[in-house]
There are 2 protein chains.
Amino acid sequence: MTMQLLKERIMKDGRVKDGNILKVDSFLNHQLDTLLIDKIGEEFYNRFKDVEVNKILTIETSGIPLAYATARYFKCNVVFAKKKMSKNITGEVYTAKVMSYTHGINYDVIVAKEYIKPDDKILVIDDVLANGEALTGLMKMITDAGATLVGCGVAIEKGFQPGGDSMRRKGIRLESLVIVDGLNSSTKTIVFRD
Amino acid sequence: MTMQLLKERIMKDGRVKDGNILKVDSFLNHQLDTLLIDKIGEEFYNRFKDVEVNKILTIETSGIPLAYATARYFKCNVVFAKKKMSKNITGEVYTAKVMSYTHGINYDVIVAKEYIKPDDKILVIDDVLANGEALTGLMKMITDAGATLVGCGVAIEKGFQPGGDSMRRKGIRLESLVIVDGLNSSTKTIVFRD
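Cut-offs used in this document
Residues numbered from 1 in each chain as written. Chains lettered and ligands numbered in written order. Predicted model: local features only at pLDDT ≥ 70, side-chain atom pairs only at ≥ 80, totals over all residues. Heavy atoms only, no water. Pairing = 2+ DSSP bridges. Helix = DSSP H or I, 4+ residues; strand = E, 2+ residues; numbered from the N terminus. Contact = heavy atoms within 4.5 Å. Axes fitted to C-alpha atoms, helices over the stretch in contact; angles between N-to-C directions. Buried area = accessible area lost by both parts, 1.4 Å probe. Salt bridge = Lys/Arg side-chain N within 4 Å of Asp/Glu carboxyl O. Polar contact = N/O pair within 3.5 Å; in protein donor to acceptor, adjacent residues only side chain to side chain. Buried < 20%, exposed > 50% of the residue type's maximum accessible area, 1.4 Å probe, protein only.

Draft legend 1. Quick look at the sheet that holds strand β3 (residues 31-32) of chain A. Pairing is mixed in the open sheet, where 7 strands are placed in the order β3(A)-β5(B)-β4(B)-β8(B)-β9(B)-β10(B)-β11(B). Of all strands in the sheet, those bounded by a partner on one side alone are β3 of chain A together with β11 (189-192) of chain B. Relative to strand β5 (residues 77-81) of chain B, β3(A) runs antiparallel, the two being bridged by 2 bridges. Bridge pairing in β5(B) places Leu32(A) opposite Val78(B). The sheet contacts of helix α2 (residues 34-48) of chain B involve β8 (121-129), β9 (148-158) and β10 (174-184) of chain B, and relative to β10(B) the element is tilted by about 120°.

Now the structure itself:
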């Protein structure tokens, strides 16, 4: 089911660029519309409030405000996976390799083992789902930790890329607030799924 | 003035590591204590509510949840500077070079010009202030845009590094919620300024 407020905002301010890129950086991932992000958090809460969630997992960078906004409603903590080893990460970590099509690079994502425990019931949140590389990496780390994946919530799913359908086929509970089924960079058209 | 709640949390969960590193990643920059971050946002609001703020500027990654939490109280948008050029950033950008002592690298930070306007009254928020490299980069971009810097808020200032004093000498309004004046990695001692 489409989140109408987000769909309307994408229609108003989303920009279609060559290479199947939908720019939403005026409100979602460079400038943040605080009120919209709060509403997105509330929407994820409403979609998952039937299940127990005690932790929200996301990946830096753009997932963080959405994860935090959602965690405010669930009254739980957020853990965000980091994209490379830094001096401040010590000790044991869960890792996954992720290919970013946006940035055209492979990178490692890590979460310190102490922040995912076997009894955690984890909701994964991210801004955009395309090929599903980032979510797959996060889910791998949840499996490695022996924790429970409750489901995944994404603000925008690119329905013409395989990530979302692949997750549904695996039986993963996926809530996409808006699904975009096509982008045409010459006509600047965005096709939404309803 | 110290934010007592944050100071107590640092005393309880902060960990002192070699190289003047204070690890706060169990609540501030890897796992996020959602309620604490909400309180930090409220505290920044209380310290700056006497002035007009219409935008909050921060830098990825760890500044984002604090900036968003603060922006909820100010009912304004957040802009976060990005650490490298990505395919999704097009058009004109403000740039600054920043040296990260934590990661031991130099990097470029960018903000799309359309997101800082001359009439913006900007509060800069970040998690940790040490040498002040990140804040200096953000302030340079505000100057380049002809916008107004209202002040800077940081959760933790390392008072034994020069960033904070340098900013105060320049007359910048700086609010540090907690100032740490020393770290001893052999005794695991944290010295707070009060």
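Moving on, there is more to tell.
Draft legend 2. How the structure looks around unusual backbone geometry. Cis geometry marks the peptide bond from Glu60(A) to Thr61(A), where omega comes out at 10°. Note that Thr61(A) resides in the loop between β4 (55-59) and α3 (63-74). At Asn20(A), a position not held by glycine, the phi torsion is positive, near 55°. Relative to the helices and strands, Asn20(A) resides in the loop between β1 (15-17) and β2 (21-23). Here the phi dihedral of Lys75(B) falls at roughly 55°; this positive angle occurs in a residue that is not glycine.

Draft legend 3. Up close: the interface of chain B and chain A. With 45 residues of chain B at the contact, the number on the chain A side is 45 residues. Each partner contributes to the roughly 4000 Å² buried at the junction of chain B and chain A, and carbon and sulfur atoms together form 53% of this total. It is His30(B), Tyr68(B) and Tyr115(B) in chain B that bury the most area against chain A; as a group they hold 20% of the surface buried on that side. At the boundary of chain B with chain A, the tally comes to 2 salt bridges. With its nearest N and O atoms 3.3 Å apart, the salt bridge here joins Glu114(A) to Arg15(B). Here chain B and chain A share 22 residue pairs in polar contact (both at pLDDT 80 or more) between them.

Draft legend 4. Up close: the pattern of salt bridges. Scanning the model with the defined rule gives 36 salt bridges over all chains in all. Between Arg47(B) and Glu43(B) there is a salt bridge, with the nearest N and O atoms lying 2.9 Å from each other. On the criterion of helical spacing, the pair formed by Arg47(B) and Glu43(B) is a turn pair, its members being 4 residues apart in helix α2. As far as burial versus exposure is concerned, Arg47(B) and Glu43(B) are alike and both buried. Put simply, Arg9(A), Lys12(A), Asp13(A) and Asp33(A) are held in one network by salt bridges that share partners.

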